[in-house]
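Observations on chain architecture
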Amino acid sequence: MAMAIGVVLALIIVTLVYLYPDAAYLWVKALHVIAVISWMAGMLYLPRLFVYHCAAEKGSIQSETFKVMEHRLLKAIITPAMMVTWAAGLWLAWKTAAYMDGWFHVKFLAVLILSGLHGYFSKAVRMFAEDRNEKPARFWRMMNEVPTLLMIIIVIMVIIKPF
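Residues numbered from 1 in each chain as written. Predicted model: local features only at pLDDT ≥ 70, side-chain atom pairs only at ≥ 80, totals over all residues. Heavy atoms only, no water.

1. Some points on the layout of surface pockets
Take a probe with the size of a water molecule and roll it over the atoms, and the empty space left behind shows itself. Considered as a void within the structure, the largest pocket measures approximately 720 Å³ in volume. Lining the largest pocket are 28 residues, with H32, V36, K107, I154 and V158 sitting closest to its centre. Looking at the lining of the largest pocket element by element, the count peaks at 8 residues for helix α2 (residues 24–55). Residue composition of the lining of the largest pocket, grouped by class: 21 nonpolar, 4 polar and 3 charged. (1 Å grid on protein atoms, 1.4 Å probe; cavity = no way out; pocket = protein on both sides within 12 Å on 5 of 7 lines; lining within 4 Å. Points joined across faces, edges and corners; volume = space filled by probe spheres on them. Helix = DSSP H or I, 4+ residues; strand = E, 2+ residues; numbered from the N terminus. Nonpolar A, V, L, I, M, F, W, Y, C, P; charged D, E, K, R; others polar.)

As structure tokens, then:
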């Protein structure tokens, strides 16, 4: 469902950009913000699911439910949102020439790290699905804070533009 909504929204924006090219920047920026919010929501929720999944007995109904939730969250929300975030963000960086500014370099590095963390969480979803998670709940509680720290850096760079 979330993927279908994303595709419809993207088609509407592409159509509007084609019909009203002068408004393209604002439409792509809106799409970027929507995608970032969706990506971050998933990146903050997924490690919390891992914390609870650690407490579930392997093979239990609860464990199997967490596997479905984690897989669907990753495939239907987090990954598509990340892809739209990247596509819209790169277009915005090109359109505004932000890639030449120091603040953008720090933001870009933080987004790269966030993307790497996304990959790590994807691997964790596979490990949980195979009942091979070796990390304790405490580890996942700490990992739950990493997207928040990266988000703080990214928002400060975009809003304050300190350099």
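2. A closer look at the packing of helix α3 (residues 61–96) against helix α4 (residues 102–129)
Two elements in contact, α3 and α4, have axes whose closest approach is 11 Å; the angle formed by their N-to-C orientations is 160°. Taken together, the axes of α3 and α4 are roughly antiparallel relative to one another. In this structure, the crossing between α3 and α4 has a hand that is left-handed. For the pair α3 and α4, contact is made by K67, E70, H71, L74, I78, T79, M82, W86, L90 and A93 and by F104, F108, V111, L112, S115, H118, S122, V125, F128 and A129, respectively. Classifying every residue of the contact of α3 with α4 gives 13 nonpolar, 5 polar and 2 charged. (Axes fitted to C-alpha atoms, helices over the stretch in contact; angles between N-to-C directions. Parallel < 35°, antiparallel > 145°, perpendicular 65-115°, else oblique. Left-handed = near helix turned anticlockwise from the far one by under 90°. Contact = heavy atoms within 4.5 Å.)

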